[in-house]
Amino acid sequence: MKLGVNIDHVATLRNARKTSYPDPLKAAEIAIDAGADFITVHLREDRRHIRDEDVFNLKKNIKTELNLEIAATEEMLEIAKKVKPYSICIVPEKREELTTEGGLDITNMCNTLANIIEEMYDVGIKVSLFINPNIDQLKHLEKLKRKPDIIEIHTGGYCDNPSEEKFKLITNAAEYINKLKMECHAGHGITCTHAKRIKEIPHISALNIGHSLVSEAIFYGLHSVVKTMKMTVSS
Ligand code: PXP
């Protein structure tokens, strides 16, 4: 199973003080050095964390694949065509939400998605769709003449409040996606504990993880940086 590391919240921290650090590119390089298979960033309409220049900078400098999460808007699709990431992941986006709260409602989006898939196929960018583990939603994919390359299952519902019933929904969704011959990824809210469980599900080939990794990194790094600062101020 591959690991995609989402570094949005490194940019959240940088933007909170309007500084140039911590630099998302540096975070990406550390993640790749530690074994990340690809890097994911979400360029939001309000640019609350990752900014346009971060995306171009990452594409230019990292040696793994870049997965760019965007809303299905003209503006974002134009940026994607300029950046040419390995893949784009189409996500729903609401300005007031804290994070991507649900998957795409593809019931009414089939034509829009079909056009995006064609447009990106023509320029060699893979398309992923972020969808809840809901077979009724996934069924609409059968209508698409050209299928997306990847479906990413939204695991937030399970991770926020795990239950066997929700785990089964993810398992069933992964099986359905595999039957339709698409790659199946999963992401949102995944901690190490959740990852141990989710990796048991057949057909999921990659996990996208961000918030828990950046949160844990604080505790793994804080001891060392405080020690360095203490030595600096007391010597
Ligand atoms: N996958 C998608 C499509 C997302 O939108 C996000 C959040 O940006 C993630 C994965 C990562 O979620 P988390 O930060 O909770 O690990």
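In short, a report on the structure. (Residues numbered from 1 in each chain as written. Predicted model: local features only at pLDDT ≥ 70, side-chain atom pairs only at ≥ 80, totals over all residues. Heavy atoms only, no water.)

Description of the packing of helix H4 (residues 74-83) against helix H5 (residues 110-122)
Put simply, the test is: Angular values range over 0 to 180 degrees, each being the angle between N-to-C directions of two axes fitted as lines to C-alpha atoms, with helices fitted over their stretch in contact. Secondary structure counts use DSSP, requiring at least four H or I residues in a row for a helix and at least two E residues in a row for a strand, with both numbered from the N terminus. Each angle receives one of four descriptions, namely roughly parallel if under 35 degrees, roughly antiparallel if over 145, roughly perpendicular if within 65 to 115, and oblique otherwise. For any helix crossing, the convention is left-handed if the near helix is rotated counterclockwise from the far helix by under a right angle, and right-handed if that rotation is clockwise. Residues are treated as being in contact if the distance between any of their heavy atoms lies within 4.5 Å.
Where H4 contacts H5, the axes come no closer than 11 Å and their chain directions differ by 20°. With respect to their mutual orientation, H4 and H5 come out roughly parallel. For the element pair H4 and H5, the recorded crossing hand is right-handed. Residues Leu77, Glu78 and Lys81 of H4 touch H5, and the partners they reach there are Ile116, Glu119 and Met120.

Notes on the environment of His49
For clarity, the threshold we go by: Under the rule applied, a polar contact is a pair of N or O atoms within 3.5 Å (in protein, one hydrogen donor and one hydrogen acceptor; residues adjacent in sequence only if both atoms are side-chain atoms).
Tracing the backbone shows His49 in the loop between strand E2 (38-42) and helix H3 (52-61). Here the alpha-carbon distance between His49 and Val226, two residues 177 residues apart in the chain, equals 26 Å. If near-sequence neighbours (up to four positions away) are discounted, His49 is found in contact with Asp8, His9, Ala11, Thr12, Arg14, Asn15, His42, Arg44 and Asp54. Looking at His49, its side chain comes within polar contact range of the main-chain oxygen of His42, at 3.4 Å.

Examining the packing of H3 against H4
One way to put it is that H3 packs onto H4 with a least axis distance of 10 Å and a crossing angle of 25°. Relative to H4, the element H3 lies roughly parallel. When the axes of H3 and H4 are compared, the crossing they make is right-handed. Mapping the contact onto sequence places Asp52, Val55, Phe56 and Lys59 in H3 and Ile79, Lys82 and Val83 in H4.

Shape descriptors only; they carry no functional weight alone.
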